[in-house]
Each structure stands twice: as C-alpha cells, then as structure tokens.
Amino acid sequence: LLLGRGGLLRPGVVAVALGGVVALGALQVGSFDAPLVLLSLGVATSAGLVVLAVTGAGTAAMVVGGLGAFVFVPQLTFELFGDAIGAPATLLIVGLLLVLLAVGLGRARRELTDHGPPTAEGPS
C-alpha cells in the first residue's frame, strides 16, 4: 500500500487496493487468536484507509476501507457487547460511520472545488 501510494509500484490504484486488502485480510485471519486487539486494529486500519482516500489516495482506498469497516465493526461490536445488544449497537455504529463518511467526503469535495487541486508552488 505504501509503495503504491509513494509511486514506486505501478499501477498505484491496484497497489493501494491490494495492499489494503492484504492488511485487512491479515488482521481478519489473526483475529481468531486475539480477537479484541486485532479487531480494534482492523477498525483503525479501515478508518485510516478512508482518511487516506479523503486526503487524495482515490477511490480504491475508500472502497477497501469502507468494506473493512463493514466487516470489522460488527465483529468488534459483538465481541464487546455479546448477543444481548450486539445487533442494535452494530446498526447504530455502522449508521454513524456512514454519516461521518458522508460528511467527510462532502467537506473534502467542497474544499477541492473551492480551492482547486494542490500545486507544487503552494496554496493560491
């Protein structure tokens, strides 16, 4: 993922997507052994991919990060709360994630259209 983001692997979109899938897949496989720690790390990695996408990595990181959030958040919620309130808590948390994602994308898009893409010379 980092090599694709840095431009050392081409095409960058494929490198970012595959790097994110490999990172999240490794956390998913490892979560069978230490579920709470690795599921939390999976949620953080998914959030990091979404933030990376908003800051300019493109839609590949957004897709992988969004899918990772929809995989890891319900698992982490059921791990923390059990079956008693797991399903309602999962729906609430995933709904809040969608709202935050929409607000973040809206703000990022508005800033890009208001100020234009960043240039090498600095802000205009």
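Rules behind the numbers
- Residues numbered from 1 in each chain as written.
- Predicted model: local features only at pLDDT ≥ 70, side-chain atom pairs only at ≥ 80, totals over all residues.
- Heavy atoms only, no water.
- Helix = DSSP H or I, 4+ residues; strand = E, 2+ residues; numbered from the N terminus.
- Buried < 20%, exposed > 50% of the residue type's maximum accessible area, 1.4 Å probe, protein only.
- Areas by Shrake-Rupley, 256 points an atom, 1.4 Å probe, with all protein chains shown as cover.
- 1 Å grid on protein atoms, 1.4 Å probe; cavity = no way out; pocket = protein on both sides within 12 Å on 5 of 7 lines; lining within 4 Å.
- Points joined across faces, edges and corners; volume = space filled by probe spheres on them.
- Contact = heavy atoms within 4.5 Å.
- Core = buried A, V, L, I, M, F, W, Y, C linked by side-chain atoms within 4.5 Å.
- Polar contact = N/O pair within 3.5 Å; in protein donor to acceptor, adjacent residues only side chain to side chain.
- Expected span 1.5 Å × (residues − 1).
- Patch = residues over 30% accessible without salt bridge, like charges linked within 9 Å, V, L, I, M, F, W, Y side chains within 5 Å.
- Salt bridge = Lys/Arg side-chain N within 4 Å of Asp/Glu carboxyl O.

A. Representation of the overall build of the protein chain within the structure. Scanning the protein chain from terminus to terminus reveals four helices and zero strands. Of the regular secondary structure in the protein chain, the N- to C-terminal order runs α-α-α-α. For the protein chain, the proportion of its 124 residues judged to be buried stands at 27%. Here the protein chain displays about 8,000 Å² of accessible surface, and carbon together with sulfur accounts for 73% of that area.

B. Structural detail: the layout of surface pockets. Each pocket or cavity is described by its volume, and for the second largest pocket that value is around 380 Å³. What lines the second largest pocket is a set of 19 residues, and nearest its centre among them are Ala47, Val50, Leu97, Leu100 and Leu101. Those elements giving two or more residues to the lining of the second largest pocket turn out to be helix 3 (35–57) and helix 4 (59–115). With 13 residues, the single largest contributor to the lining of the second largest pocket is helix 4.

C. Highlighting the side chain of Ser46. Structurally, Ser46 is set in helix 3. If we ignore the near neighbours within four places in the chain, the residues touching Ser46 are Leu24, Gly65, Gly68, Ala69 and Phe72.

D. Inspection of the nonpolar core at higher detail. Counting residues in each nonpolar core, the largest one holds 12 residues, listed as Val16, Leu24, Leu27, Leu39, Leu49, Val50, Ala53, Ala61, Met62, Val64, Phe72 and Leu76. Listing elements by their share of this core, those giving two or more residues are helix 2 (12–30), helix 3 and helix 4. Here this core gets five residues from one element, more than from any other, and that element is helix 4. Residues in contact with Leu49, not counting those within four places in the same chain, are Leu1, Gly20, Leu24, Ala61, Met62, Val64 and Gly65.

E. Expanded view of the side chain of Ser31. With respect to the secondary-structure elements, Ser31 resides in the loop between helix 2 and helix 3. A relative accessible area of 7% means that Ser31 is categorised as buried. Within the structure, Ser31 has its side chain in polar contact with the backbone oxygen of Gln28 (distance 2.7 Å). In this structure Ser31 touches Leu38 and Leu39, once residues within four positions along its chain are discounted.

F. Looking closely at the environment of Leu18. Take Leu18: it is sitting in helix 2. Placed 14 residues apart in sequence, Leu18 and Gly4 show a C-alpha to C-alpha distance of 9.4 Å.

G. Expanded view of helix 2. Taking 1.5 Å of rise per residue, the 19 residues of helix 2 would be expected to cover 27 Å, and the 27 Å separating its terminal C-alpha atoms lies within 8% of that figure. Looking only at helix 2, the buried set comprises Ala15, Val16, Gly19, Gly20, Leu24, Leu27 and Gln28.

H. Seen up close, a nonpolar patch on the surface. Taken together, the side chains of Leu36, Val37, Leu80, Phe81, Ile85, Leu92, Ile93, Leu96 and Leu97 define a hydrophobic patch exposed on the protein surface, amounting to about 810 Å² of accessible area. Elements with a contribution of two residues or more to the nonpolar patch: helix 3 and helix 4. When residues in the nonpolar patch are grouped by element, the largest group, seven residues, is from helix 4. Within the secondary structure layout, Phe81 lies in helix 4.

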